[in-house]
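Examination of the molecular architecture
Below, each chain spelled out in residue letters.
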Amino acid sequence: MGSEMKSVCLIAKGPSAIHADEFIDPFDDIAVINDAGIFTSRNVDYAFCTHNYYTTLKDTVYKIKNIVTLAKNVEEKGPLGGMELLDEVLNVNKIIYQQGWCKPEKDGFIRHIAAGKVCHHHTATAALHWLSKFGKYDLVKVIGIDGGTEYAPGSYVDQETYDKLGIKDGLLDQWKEIMFELVKVLENIYDCQFKFYNPS
C-alpha cells in the first residue's frame, strides 16, 4: 500500500469501540456513528447522525468538522430527531444526503446505488456507502460493529428505541450481516477495501 492511499476509520458504538485509538493509524481520517466520537481522542472528520442530535452529539460537537445526515431529518425538522438543532451549531459543516428504503440484499443495494441514492438500511450502512462514494476512500477501517446486544460503555442508548427495535433479540447480528453484504457490493463498485477490527 502506497503512502497516497486515502484511509478513514469508522467508529460505531459496539463494545470494541473502546479500542478505537489503538486501531486508528496516524494518517486515518475519523468518522463516527452518532456519539462514538467519545471513543477517540482525535478530532472527527464526519459524524453520521440520524436521530437524537442533541443527546448524541452534545458532548462531542466541539471536535466534529462535518455532520452527515438524512435530508428527510433536516426537511421535517421533527422533534423526534432534534435535527432543527443543526441550525444552532456553528463551525460545523452540515452534509445532507438523499436516501430511500432499499431491500437489504445484493441486488437491492446495486439497484439503489445505480439510482444515485445512499444505501441507508441503518446508520452504519449509510456511513460505509457515503464514505466509499463521496469520501472516495481507498481503505475504510471499521470498529464497533460487533453484533450482539451491547453497546460500548458510555455511549448513549435510548432504552425505548432499544426495546422497540428488538436489539436484545439479535437485531444487531442481522444488521452486521447486512453490512457485510453491502461491503462486498461497495468493494466492487468503488474499488475500495474494508478492514474490520479483530481483537486477536
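This report concerns the structure included in the present document.

**Observations regarding the pairing of strand β6 (residues 139-143)**
The buried count for β6 comes to five of five residues, which makes it a mostly enclosed element. Burial along β6 is two-sided: the face carrying Leu139, Lys141 and Ile143 and the face carrying Val140 and Val142 are both buried. In this sheet, β6 lies alongside strand β1 (residues 7-11) in parallel orientation, the contact comprising five bridges. When the sheet's bridge partners are listed, Ser7 is paired in β6 with Leu139.

**Here's the deal with the packing of helix α4 (residues 106-114) against helix α7 (residues 171-190)**
Between α4 and α7, whose axes approach to 9 Å, the crossing angle comes to 50°. Between α4 and α7, the crossing angle belongs to the class labelled oblique. Considering the relative orientation of α4 and α7, their crossing is right-handed. Along the contact surface, α4 presents Lys106, Phe109, Ile110 and Ile113, while α7 presents Ile178, Glu181, Leu182, Val185, Leu186, Ile189 and Tyr190. Classifying every residue of the contact of α4 with α7 gives nine nonpolar, no polar and two charged.

**Here's the deal with the packing of aromatic side chains**
Applying the stated criterion across every chain yields a total of five aromatic pairs. Measuring from ring centre to ring centre gives 5.7 Å for Trp130 and Phe134, while their planes differ by 40°; the resulting arrangement is tilted. Classification of Trp130 by relative accessible area gives buried; the value is 6%. A relative accessible area of 45% places Phe134 in the partly exposed class. Linked through ring pairs, Tyr46, Phe48, Trp130 and Phe134 together constitute an aromatic cluster. The side chain of Lys6 reaches across the aromatic face of Tyr137, ending 4.7 Å from its centre.

**Section: the environment of Glu181**
Position of Glu181 among the secondary structure elements: in helix α7. Judged by relative accessible area, which is 26%, Glu181 ranks as partly exposed. Remark: the alpha-carbon pair of Glu181 and Lys106, spanning 75 residues in sequence, is separated by 6.4 Å. Apart from the residues lying within four places of it in its own chain, the contact partners of Glu181 are Glu105, Lys106 and Phe109.

Here is what the cut-offs are and how they apply
Within each chain, residue numbers correspond to sequence positions counted from 1 in written order. For a predicted model such as this one, the threshold for reporting local features is a pLDDT of at least 70, and the threshold for listing and counting side-chain atom pairs is 80 or more; totals across whole chains, interfaces and linings nevertheless cover every residue. As a convention, hydrogens and water are excluded, and side-chain values are obtained from all of the structure's heavy atoms. Summary of the burial criterion: residues with accessible area below 20% of their type's maximum are buried, those above 50% are exposed, and those between are partly exposed, where the area comes from a 1.4 Å probe applied to protein chains only. Working definition: helices are DSSP H or I runs of at least four residues, strands are E runs of at least two. Numbering for both runs from the N terminus. Each pair of strands is called paired provided DSSP finds at least two bridges between the two strands. The axes used here are C-alpha line fits, helices contributing only the stretch in contact, and every angle between their N-to-C directions lies in the interval 0 to 180 degrees. Oblique is the label for every angle not falling under 35 degrees (roughly parallel), over 145 degrees (roughly antiparallel), or within 65 to 115 degrees (roughly perpendicular). By the definition used in this description, the sense in which the near helix is turned from the far one sets the handedness, with an anticlockwise turn below a right angle giving left-handed and a clockwise turn giving right-handed. Note on contacts: a residue pair is in contact if any heavy atoms of the two residues lie within 4.5 Å. Residue polarity follows a fixed list, in which Ala, Val, Leu, Ile, Met, Phe, Trp, Tyr, Cys and Pro are nonpolar, Asp, Glu, Lys and Arg are charged, and the others, Gly among them, are polar. Two rings from Phe, Tyr or Trp (for Trp, the six-membered ring) form a pair when their centres sit within 6.5 Å of each other. Planes less than 30 degrees apart are called stacked, planes more than 60 degrees apart edge-to-face, and all others tilted. Each ring is checked for a lysine NZ or an arginine CZ that lies within 6 Å of its centre and within 35 degrees of its normal; such an atom marks a charge sitting over the ring.

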